[in-house]
Amino acid sequence: MSHLSPVPSGSPSDDGEPVGARLAALLRRAARGDEAAFAEWYDATSARAFGLAVRVLRDRAQAEEVTQESYLDCWRHASRFDASKGSAVSWLLTIVHRKAVDRVRSAEASERRDTAYGRREVSVAHDETAETATASMEATRVRAALSDLTSKQREAVELAFLGGYTHSEVATMLDLPVGTAKTRIRDGLIRLRDALGVGEVAST
């Protein structure tokens, strides 16, 4: 198989035929399934195609992948080449450039997603840790404050606020008048307020 040097498309080949015309002819033969013509066209143009991919991607491994993908497209769609719209080389380089740019954009989008995900995960982890620590500290303080209440106050407060029972239900469960139950709860909350350093307890 003869090999064409990747020279400018307007220069003559060894037999006097302009390289651009020679490459276009090879591509037309490739469109008819001529593998030898395509191999010759590849040898003549691959250096320029790879060079463009490297300039866009700045990564030789990715540039090689993009170049291979581009030539695969050229082989599959060689019949789409139209010499009236440009040279065979410009057709090829347009494909290479498009694929290389798509690869860059895809990588940038993936990096943005990974960065956003990482920030979100750090934020969520931080928030959950902070909330857990705060809840743990608050629970410890509440338990300590509850231990300072009288047994009757603690019992009434725990039923009302930890158990979620109403004043009437607390009164029934403790066999107390509703007023007495409310007083115990009220007094217990006042002592809790003082121990925890929170605001005034609203009357109920």
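Reading the values: rules and limits
- Residues numbered from 1 in each chain as written.
- Predicted model: local features only at pLDDT ≥ 70, side-chain atom pairs only at ≥ 80, totals over all residues.
- Heavy atoms only, no water.
- Helix = DSSP H or I, 4+ residues; strand = E, 2+ residues; numbered from the N terminus.
- Buried < 20%, exposed > 50% of the residue type's maximum accessible area, 1.4 Å probe, protein only.
- Contact = heavy atoms within 4.5 Å.
- Salt bridge = Lys/Arg side-chain N within 4 Å of Asp/Glu carboxyl O.
- Expected span 1.5 Å × (residues − 1).
- Polar contact = N/O pair within 3.5 Å; in protein donor to acceptor, adjacent residues only side chain to side chain.
- Arc of directions from axis to C-beta.
- Core = buried A, V, L, I, M, F, W, Y, C linked by side-chain atoms within 4.5 Å.
- pLDDT = per-residue confidence, 0-100.

Visitor: Explain the overall build of the chain to me, and be specific about the residues and the numbers.
Guide: Of regular secondary structure, the chain possesses seven helices and zero strands. Ordered by position from N to C terminus, the α and β elements of the chain give α-α-α-α-α-α-α. Relative to its full complement of 204 residues, the chain shows a buried share of 30%. The long-range share in the chain, meaning contacts at least 24 apart out of those at least 6 apart in sequence, stands at 55%.

Visitor: So what's going on with the pattern of salt bridges? Residues and values would help.
Guide: Within the structure shown, the criterion is met by five salt bridges. With a shortest N-O distance of 3.0 Å, Glu 40 and Arg 22 are connected by a salt bridge. Pair noted here: Glu 40 is in helix α2 (residues 35-57) and Arg 22 is in helix α1 (residues 19-31), with a separation of 18 residues, a long-range link. The exposure class of Arg 22 is partly exposed, given its relative accessible area of 21%. The salt bridge involving Arg 29 is made with Asp 34; its shortest N-O contact spans 3.1 Å. Under the relative-accessibility criterion, Arg 29 is labelled partly exposed at 28%.

Visitor: Now, about α2: what can you tell me, with residues and values included?
Guide: An ideal rise of 1.5 Å per residue puts 33 Å on 23 residues; α2 reaches only 29 Å between its terminal C-alpha atoms. Taken as a whole, α2 has its buried residues at Ala 37, Phe 38, Glu 40, Trp 41, Ala 44, Thr 45, Ser 46, Ala 49, Phe 50, Leu 52, Ala 53 and Leu 57. Two or three places before Ala 36, at the start of α2, stands the capping residue Asp 34, its side-chain oxygen 3.1 Å from that residue's backbone nitrogen. Directly after α2, the chain includes Arg 58, whose backbone phi takes a positive value near 55°.

Visitor: Account for α1, naming residues and giving values.
Guide: Taking 1.5 Å per residue as the helical rise, α1 with its 13 residues ought to reach 18 Å, and the 18 Å between its terminal C-alpha atoms agrees with that figure. The set of residues buried in α1 consists of Val 19, Gly 20, Leu 23, Ala 24, Leu 26, Leu 27 and Ala 30. Within α1, the buried residues cover an arc of 160° as seen down the axis, which keeps them to one side. In the stretch just after α1, Gly 33 is the one whose phi turns positive, near 95°.

Visitor: Lay out unusual backbone geometry in plain terms, naming residues and giving numbers.
Guide: Notably, Arg 58 is not glycine yet its phi reads approximately 55°, a positive angle. With respect to the helices, strands and loops of the structure, Arg 58 is situated in the loop between α2 and α3 (60-76). For Arg 58, a relative accessible area of 74% translates into the label exposed.

Visitor: Can you explain the nonpolar core? Please cite residues and give values.
Guide: Taken as a class, soluble globular proteins show a tendency for nonpolar side chains to be buried jointly. Membership of the largest hydrophobic core comes to 29 residues, with the highest contact counts inside it found for Leu 23, Leu 27, Trp 41, Cys 74, Trp 91, Leu 92 and Val 96. Taken together, the elements giving at least two residues each to this core come down to α1, α2, α3 and α4 (88-146). Examining the composition of this core, we find that nine residues originate from one element, α2, more than from any other. Among the nonpolar cores identified, the runner-up in size contains 16 residues, and Leu 146, Leu 149, Ala 156 and Ala 181 belong to it.

Visitor: A description of the side chain of Thr 67 should follow, citing residues and the corresponding values.
Guide: With respect to the element layout, Thr 67 can be found in helix α3. Contact partners of Thr 67, with chain neighbours within four places excluded, come to Ala 49, Phe 50 and Ala 53.

Visitor: Before we move on, could you go through the side chain of Asp 73 and cite the residues and values that matter?
Guide: With respect to the helices and strands, the residue Asp 73 is situated in helix α3. Given a relative accessible area of 18%, Asp 73 falls into the buried group. Within the structure, Asp 73 has its side chain in polar contact with the side chain of Lys 99 (distance 3.2 Å). Other than its neighbours up to four places away in sequence, Asp 73 contacts Ile 95, Arg 98 and Lys 99.

Visitor: Just give me the short version of the confidence of the model for the chain, but keep the residues and values in it.
Guide: Confidence in the prediction for the chain averages 76 pLDDT; 69% of positions are at 70 or higher. Here α4 stands out as the least confident element of the chain, with mean pLDDT 68; α3 is the most confident, with 93. Every residue in residues 1-16 is under pLDDT 50, and counting partners more than four places away or in other chains gives 32 contacts. For the stretch residues 200-204, pLDDT sits under 50, and the model shows nine contacts to residues farther than four places along the chain or on other chains.

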